[in-house]
Amino acid sequence: MPKLKFTSQFIKTAICEEGKRKTLFFDADCKWLMLEVRATQTATYYLRYQNSRRKTRLLKIGNVRDLSLPQARQMADKYRAMIAMGGDPAADNALHRQVPVFHAFIHEQYLPYIQGYKRSWKADAGLLKNHIEPVWGKKYLDQITKTDVIALFAKHRTTHAPGSCNRLMVLLRYMFGLAKKWEVPGGSNNPMTGIPMMKEDNQHERYLTTEEAQRLYEELIGSDNSMLQFIIPMLILTGARKREVLDARWEDFDFERSAWRIHTTKLGHPRHVPLSGGAISLLKSVPHFNCAWAFPNPKTLKPYVSIYFSWHTARC
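Residues numbered from 1 in each chain as written. Predicted model: local features only at pLDDT ≥ 70, side-chain atom pairs only at ≥ 80, totals over all residues. Heavy atoms only, no water.

Q: Outline the packing of aromatic side chains, supporting the account with residue identities and numerical values.
A: Taken as a whole, this structure holds 15 aromatic pairs when the rule is applied. Each ring, one from Tyr308 and one from Phe309, has its centre 5.3 Å from the other, and the planes form 80°; the classification is edge-to-face. With relative accessibility at 44%, the residue Tyr308 sits in the partly exposed group. Among the residues examined, Phe309 registers a relative accessible area of 65% and is labelled exposed. Each member of the aromatic cluster is reached from another via a ring pair, and the members are Phe102, Phe105, Tyr113, Tyr117, Trp136, Phe176 and Trp182. (Phe/Tyr/Trp six-rings, centres within 6.5 Å; stacked < 30°, edge-to-face > 60°. Buried < 20%, exposed > 50% of the residue type's maximum accessible area, 1.4 Å probe, protein only.)

Structure below.
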């Protein structure tokens, strides 16, 4: 492998030896700087060195078309300084190439993980799809900074309440925390660290008048969803979550003890809800179908996936 003093003229005229796929040249004035000239008439600068373990490494500096000789030598000097301090720039570059874009981290690691234990994983997927992927989806994990976070939530706050912003903030904080815990390349720093939650002042009490309550009840009775007249009062009388009522089974109700055992809660363990006289009277008025569910869809005899549209129609 010839070693000679590189000049700008030599770089322009260097050719590959006839019959070979490539020819390597080493700069006599810049330690470890190498020029690779291929038979295709392309040329690339490399740094050929040995790391601390005496293993030979080849680090690409750049193409001759993009870098001048002085620029290539300047970069070679920079990398040699890193190597002298125990670094291994070629290994660092290889690790950098493993850093995923945020879209890939979401769909290849985060969502498959939470689908195994988080019942509300679809809510996470929706938040990410609508508010995060359009902004950060193509960014590499290590490119997302605190400045990006601040800009994202400054814009998000113009269209969403503080509570909605905080839910998104908690989600992102958890995601970046997992990236760090799993030692995902580029995930060692959590850009959410030190970002405070927004102050929520959502308290707004509004009580229905007697007339409004009567009109609402009439709408529930007249709803296309024949079970809505039982589901909504059950929610009001017990304070249970919507999903808990929709998934309730007859076997869960103990009428003698006036208690309702909810098997699967948001916290992941059972809890008991006391039943008032009004709740018991309501349950006794619910029609029984040939199934285990207390408030099933009469057409499928399975719990409703959602009652949003029928409830939205009734209350509006």
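Q: So what's going on with the sheet that holds strand E8 (residues 271–274)? Residues and values would help.
A: Read from one edge to the other, the open sheet built from three strands follows the order E6-E7-E8, with strand pairing classed as antiparallel. Unpaired on one side and paired on the other, strand E6 (253–254) and E8 mark the two borders of the sheet. Bridging between strand E7 (residues 259–262) and E8 involves four bridges; their strand directions are antiparallel. Counterpart to Ala259 in the pairing with E8 is Pro274. (Pairing = 2+ DSSP bridges. Helix = DSSP H or I, 4+ residues; strand = E, 2+ residues; numbered from the N terminus.)

Q: I'd love a proper account of helix H4 (residues 102–114), names of residues and values included.
A: Along H4, the positions that sit buried rather than exposed are Phe102, Ala104, Phe105, Ile106, Tyr110, Leu111 and Ile114. On its buried face, H4 is in contact with helix H5 (121–136) and helix H7 (162–181). (Contact = heavy atoms within 4.5 Å.)

Q: Talk me through the pattern of salt bridges; I want residue IDs and the actual numbers.
A: Summed over the entire model, instances satisfying the criterion amount to twelve salt bridges. A salt bridge links Lys20 to Glu17; its shortest N-O distance comes to 3.3 Å. Classification of Lys20 as partly exposed rests on a relative accessible area of 45%. For Glu17, a relative accessible area of 39% translates into the label partly exposed. With its nearest N and O atoms 2.7 Å apart, the salt bridge here joins Lys118 to Asp124. Judged by its relative accessible area of 23%, Lys118 is partly exposed. Among the charged side chains, a salt-bridge network with shared partners connects Lys22, Glu36 and Arg38. (Salt bridge = Lys/Arg side-chain N within 4 Å of Asp/Glu carboxyl O.)

Q: Lay out a nonpolar patch on the surface in plain terms, naming residues and giving numbers.
A: On the surface, Tyr113, Tyr117 and Tyr174 cluster together into a nonpolar patch covering about 300 Å² of accessible area. Within the secondary structure, Tyr117 sits in the loop between H4 and H5. (Patch = residues over 30% accessible without salt bridge, like charges linked within 9 Å, V, L, I, M, F, W, Y side chains within 5 Å. Areas by Shrake-Rupley, 256 points an atom, 1.4 Å probe, with all protein chains shown as cover.)

Q: Which residues make up helix H9 (residues 228–238), and what values go with them?
A: Most of H9 is tucked away, with nine of its eleven residues classed as buried. Listing the buried residues of H9 in full gives Leu228, Gln229, Phe230, Ile231, Ile232, Pro233, Met234, Leu235 and Thr238. One or two steps after H9, the chain reaches Gly239, where phi turns positive at roughly 70°.

Q: Talk me through unusual backbone geometry; I want residue IDs and the actual numbers.
A: Phi at Gln41 takes a positive value of approximately 70°, unusual for a residue other than glycine. By relative accessible area, Gln41 is classed as exposed at 56%.

Q: Could you give an account of the nonpolar core, naming the residues involved and the relevant values?
A: Within the largest apolar cluster, 29 residues are counted, with the highest numbers of intra-cluster contacts made by Ile231, Met234, Val245, Phe253, Trp260, Leu275 and Phe295. Among the secondary structure elements, those contributing two or more residues to this core are helix H8 (210–221), H9, helix H10 (242–246), E7 and helix H11 (277–285). In terms of residue count, H9 provides more of this core than any other element does, six residues in total. Among residues more than four places away in sequence, those in contact with Leu275 are Met234, Thr238, Phe253, Ser258, Ala259, Trp260, Ile280 and Leu283. (Core = buried A, V, L, I, M, F, W, Y, C linked by side-chain atoms within 4.5 Å.)

Q: Kindly report on the side chain of Asn225, identifying the contributing residues and their values.
A: Mapped onto the secondary structure, Asn225 falls in the loop between H8 and H9. The class of Asn225 is buried, set by a relative accessible area of 9%. Side-chain polar atoms of Asn225 contact the side chain of Tyr304, separated by 2.8 Å. Here the side chain of Asn225 touches Ser310 through a polar contact of 3.4 Å, side chain to side chain. In this structure, Asn225 is in contact with Leu220, Tyr304, Ile307 and Ser310, ignoring residues within four places of it in sequence. (Polar contact = N/O pair within 3.5 Å; in protein donor to acceptor, adjacent residues only side chain to side chain.)

Q: Talk me through the packing of H4 against H5; I want residue IDs and the actual numbers.
A: One can describe the packing of H4 onto H5 by two numbers: an axis separation of 11 Å at closest approach and a directional angle of 175°. The angle between H4 and H5 places the two elements in the roughly antiparallel class. Of H5, the residues touching H4 (which contributes Phe102, His103, Ile106, His107, Tyr110, Leu111 and Ile114) are Trp121, Asp124, Ala125, Leu128, Ile132, Glu133 and Trp136. In terms of residue class, the contact of H4 with H5 is made up of ten nonpolar, two polar and two charged. (Axes fitted to C-alpha atoms, helices over the stretch in contact; angles between N-to-C directions. Parallel < 35°, antiparallel > 145°, perpendicular 65-115°, else oblique. Nonpolar A, V, L, I, M, F, W, Y, C, P; charged D, E, K, R; others polar.)

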